[in-house]
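Listed below are the residues making up each chain.
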Amino acid sequence: MQNERKNELLESSLERAAELLGDVTGPVMAKYYASHPQAKIAFTEHGLGNSVKLEAEMVESIIYCLMNWYDRPEEIRIMFGSTVPHHEHALHVSHEWFAGLIDAAIEVICATVPESREDELQVWNEIRSGLKTLVKEAQSP
């Protein structure tokens, strides 16, 4: 499947999710905290009194990476290559938490994709795999 077609499917999924859910930040963070409850403590600590803003920024960043995976893979690789190690060393944020946020965002979006749209789901699985590989490659030794 060509990247142009993959981008069309990706856009279709994101538009559907926005129509059905509105702002996905709440559902993404709820799913994320259900799987990574200790991350909530980190968001509270690093949010400096405004963890809701930090949550929104992180979800926005992940959505940006999802949306641009096919058009700007090197930009996304650079982002993860610098962000993951910085968060691990300076903020003591596990690379597993990054992967968990990717999973949560994709799962929330995919929950709005009809099962009959296997092509869309295939695109999301491909993106998930690619981004999680970047997180793994970027983690501290």
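Since we're looking at a predicted model, the values are computed, not measured.

> Please clarify how the side chain of Arg-128 should be interpreted in this entry.
Take Arg-128: it is sitting in helix α7 (residues 118-138). Residue Arg-128 is classed as buried on the basis of its relative accessible area of 18%. Not counting residues up to four positions away in its chain, the partners in contact with Arg-128 are Asp-103, Ile-106 and Glu-107.

> Looking at this model, I keep getting lost on the environment of Thr-44. Mind explaining?
Here Thr-44 lies in helix α3 (residues 37-46). The spacing of Thr-44 and Tyr-64 is 20 residues in sequence and 23 Å in space, taken between C-alpha atoms. Filtering out sequence-adjacent residues up to four positions away, Thr-44 remains in contact with Gly-49 and Ser-51.

> Honestly, the environment of Pro-73 in this entry has me stumped. Any pointers?
Relative to the helices and strands, Pro-73 is located in helix α5 (residues 73-90). Considering only alpha carbons, one finds Pro-73 and Gly-130, 57 residues apart in sequence, at a separation of 9.4 Å.

> What am I meant to see in the confidence of the model for the protein chain here?
Interpretation of the predicted coordinates at a detailed level should be avoided for regions scoring low in pLDDT. Of all residues in the protein chain, 92% have pLDDT values of 70 or greater, and the mean over the chain is 89. Within the protein chain, helix α2 (residues 25-35) carries the highest mean pLDDT (97), whereas α5 carries the lowest (78).

> Would you take a moment to explain helix α1 (residues 3-21) for this structure?
Residue pairs three or four apart in sequence face the same way in an α-helix, which turns once every 3.6 residues. With 19 residues, α1 should reach 27 Å at 1.5 Å per residue; the first-to-last C-alpha distance of 26 Å fits that figure. Residues Lys-6, Asn-7, Leu-9, Leu-10, Ser-13, Leu-14, Arg-16 and Ala-17 constitute the buried set of α1. The secondary structure elements touched by the buried residues of α1 are α4 (51-67), α6 (95-110) and α7. Where α1 ends, the next residue or the one after it, Gly-22, has phi of about 75 degrees, a positive value.

> Which parts of the structure should I look at to understand the nonpolar core?
Within soluble globular proteins, side chains that are nonpolar tend to cluster in buried spots. If you look at the biggest cluster of nonpolar residues, it comprises 42 residues, and the most contacted ones within it are Val-28, Tyr-32, Leu-66, Phe-80, Trp-124, Ile-127 and Leu-131. Counting only elements with at least two residues in this core, the list comes to α1, α2, α3, α4, α5, α6 and α7. If you tally residues by element for this core, the top one is α6, at 10 residues.

> Got a minute to help me understand the packing of α6 against α7 in this structure?
Working note: a packed helix pair is described by the angle between its axes plus the distance between those axes. Interhelical geometry of α6 versus α7 gives an angle of 170 degrees and a closest axis separation of 10 Å. When the axes of α6 and α7 are compared, the pair comes out roughly antiparallel. Each of His-95, Phe-98, Ala-99, Ile-102, Asp-103, Ile-106, Glu-107, Ile-109 and Cys-110 in α6 lies in contact with α7, whose residues at this interface are Leu-121, Trp-124, Ile-127, Arg-128, Leu-131, Lys-132 and Val-135. The class makeup of the residues in the contact of α6 with α7 is 11 nonpolar, one polar and four charged.

> Quick question: what am I supposed to make of α3 here?
Buried within α3 we find Ala-39, Ala-42 and Phe-43. Buried residues of α3 fall within an arc of 100 degrees about the axis and therefore sit on the same side. Turned more than 90 degrees away from the buried face of α3 sit Pro-37, Gln-38 and Glu-45, all of them exposed. On the buried face of α3, the contacting elements are α2, α4 and α6. Backbone geometry just after α3 places Leu-48 at a positive phi near 50 degrees.

Basis of the calculations
- The numbering scheme is per chain: residues are counted from 1 as the chain's sequence reads.
- Thresholds applied to this predicted model are a pLDDT of at least 70 for local features of residues and 80 or more for the giving and counting of side-chain atom pairs; totals over whole chains, interfaces and linings are not thresholded and use all residues.
- Hydrogens are left out, water is left out, and the side-chain values use all remaining heavy atoms of the structure.
- Strands here mean DSSP runs of E at least two residues long; helices mean DSSP runs of H or I at least four residues long; both are numbered from the N terminus.
- Exposure is judged per residue with a 1.4 Å probe applied to protein chains only, and the accessible area is read against the type maximum: over 50% gives exposed, under 20% gives buried, and values in between give partly exposed.
- Note on contacts: a residue pair is in contact if any heavy atoms of the two residues lie within 4.5 Å.
- Confidence of the prediction at every residue is given by pLDDT, a number between 0 and 100.
- For a helix, the expected span equals 1.5 Å multiplied by the number of residues minus one.
- The criterion is simple. A nonpolar core is a set of buried Ala, Val, Leu, Ile, Met, Phe, Trp, Tyr and Cys residues joined through side-chain atoms within 4.5 Å.
- Geometry is summarised by axes, namely lines fitted to C-alpha atoms with helices restricted to the contacting stretch, and by angles between N-to-C directions that run from 0 to 180 degrees.
- An angle counts as roughly parallel when it lies under 35 degrees, as roughly antiparallel when it exceeds 145, as roughly perpendicular when it falls between 65 and 115, and as oblique in every other case.
- Residues are grouped as follows: Ala, Val, Leu, Ile, Met, Phe, Trp, Tyr, Cys and Pro are nonpolar; Asp, Glu, Lys and Arg are charged; all remaining types, including Gly, are polar.
- This arc describes the spread of directions from the helix axis toward the C-beta atoms.

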